[in-house]
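Structural overview for review
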Amino acid sequence: MSFPPVWSAQSRALILGTWPSPKSRAMEFYYGHPQNRFWPMMAQLTGEAVPEISDVEAKKHIILAHGLALWDTLAACEITGAADASIRAEKPNDVPALLRKAPIEAVFCNGSVAYKMYEKYLRAACGIAAVRLPSTSPANAAVRPGNLCEIWGAALAPYLR
């Protein structure tokens, strides 16, 4: 089960994850693991308060109020736990259809697996080269939170409202 995309007519940049983690699927929204650094980082980049882990509306606000869109590269797959490396039988989301509706100018992938799936299934149909950003997953301990914010902030800055 993939979540629907979060977007508006003002979305200029699309952030793509790979597939919802078990915690995200239980919460029924993106980046639901309490140790994932996505929401604290996005709050810092946008000047918003860090949303409570279960506050889906506050999370949507961060994305929509700042000209962003959020989705996953995959609509369906077989996966063991939250291990992206175990993904198989993948089916991509219809990102080209979203790009026909929204004025998205740039695509950013949250981690190397999201980037790999975008390149494999979506880039040709989308016609936009994606930027691979370091994963916000707690499993990506190689990139410290400050560095993560700096890298993501530099990439997203031209598109943030």
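The following paragraphs examine the structure supplied in this document. The model shown is predicted, which means the values in this text are computed figures rather than measured ones. (Residues numbered from 1 in each chain as written. Predicted model: local features only at pLDDT ≥ 70, side-chain atom pairs only at ≥ 80, totals over all residues. Heavy atoms only, no water.)

Take the overall build of the chain next. Along the chain, the regular secondary structure elements total 6 helices and 6 strands. For the chain, the succession of helices and strands along the chain, N to C, is β-α-α-α-β-β-β-α-β-α-β-α. Relative to a compact globule of 161 residues, whose C-alpha radius of gyration would be 15 Å, the chain shows 14 Å and is just as compact. A separation threshold of at least 6 residues defines the contact pool for the chain, and within that pool the share at least 24 residues apart is 63%. (Helix = DSSP H or I, 4+ residues; strand = E, 2+ residues; numbered from the N terminus. Rg over C-alpha atoms; globule rule 2.2 N^0.38 Å. Contact = heavy atoms within 4.5 Å.)

Attention now goes to the pairing of strand S5 (residues 106-110). Among the 5 residues that make up S5, 5 are buried, leaving the element largely enclosed by the rest of the structure. Of the two faces of S5, both are covered, the one formed by Ala 106, Phe 108 and Asn 110 as well as the one formed by Val 107 and Cys 109. Two strands pair when backbone bridges link them, and strand S1 (residues 13-17) and S5 are joined in this way by 4 bridges, in the parallel orientation. In the strand pairing of S5, Leu 16 is matched with Cys 109. Pairing geometry for S5 and strand S6 (residues 130-133), over 4 bridges, is parallel. Pairing of Val 107 across the sheet is with Ala 130, part of S6. (Buried < 20%, exposed > 50% of the residue type's maximum accessible area, 1.4 Å probe, protein only. Pairing = 2+ DSSP bridges.)

Orientation of helix H2 (residues 38-46) relative to helix H6 (residues 145-156), taken along the N-to-C sense of each, is 55°, at an axis distance of 10 Å. By the angle between their axes, H2 is oblique relative to H6. Viewed along their axes, H2 and H6 form a crossing whose handedness is right-handed. Residues Phe 38, Met 41, Met 42, Gln 44 and Leu 45 of H2 touch H6, and the partners they reach there are Leu 148, Cys 149, Trp 152, Gly 153 and Leu 156. Counted by class, the contact of H2 with H6 contains 8 nonpolar, 2 polar and no charged residues. (Axes fitted to C-alpha atoms, helices over the stretch in contact; angles between N-to-C directions. Parallel < 35°, antiparallel > 145°, perpendicular 65-115°, else oblique. Left-handed = near helix turned anticlockwise from the far one by under 90°. Nonpolar A, V, L, I, M, F, W, Y, C, P; charged D, E, K, R; others polar.)

Turning next to the environment of Ser 86. Positionally, Ser 86 belongs in the loop between strand S3 (74-78) and strand S4 (88-92). Overall, the relative accessible area of 19% leaves Ser 86 in the buried class. Those residues in contact with Ser 86 that lie beyond four places of it in its chain are Glu 78, Ile 79 and Thr 80. Of the polar contacts made by the side chain of Ser 86, one reaches the backbone nitrogen of Thr 80; its length is 2.8 Å. (Polar contact = N/O pair within 3.5 Å; in protein donor to acceptor, adjacent residues only side chain to side chain.)

With that settled, consider the side chain of Asn 93. Mapped onto the elements of the fold, Asn 93 is located in the loop between S4 and helix H4 (95-101). Separated by 3.1 Å, the side chains of Asn 93 and Ser 2 make a polar contact.

Without other data, these values stay purely geometric and don't point to any function.
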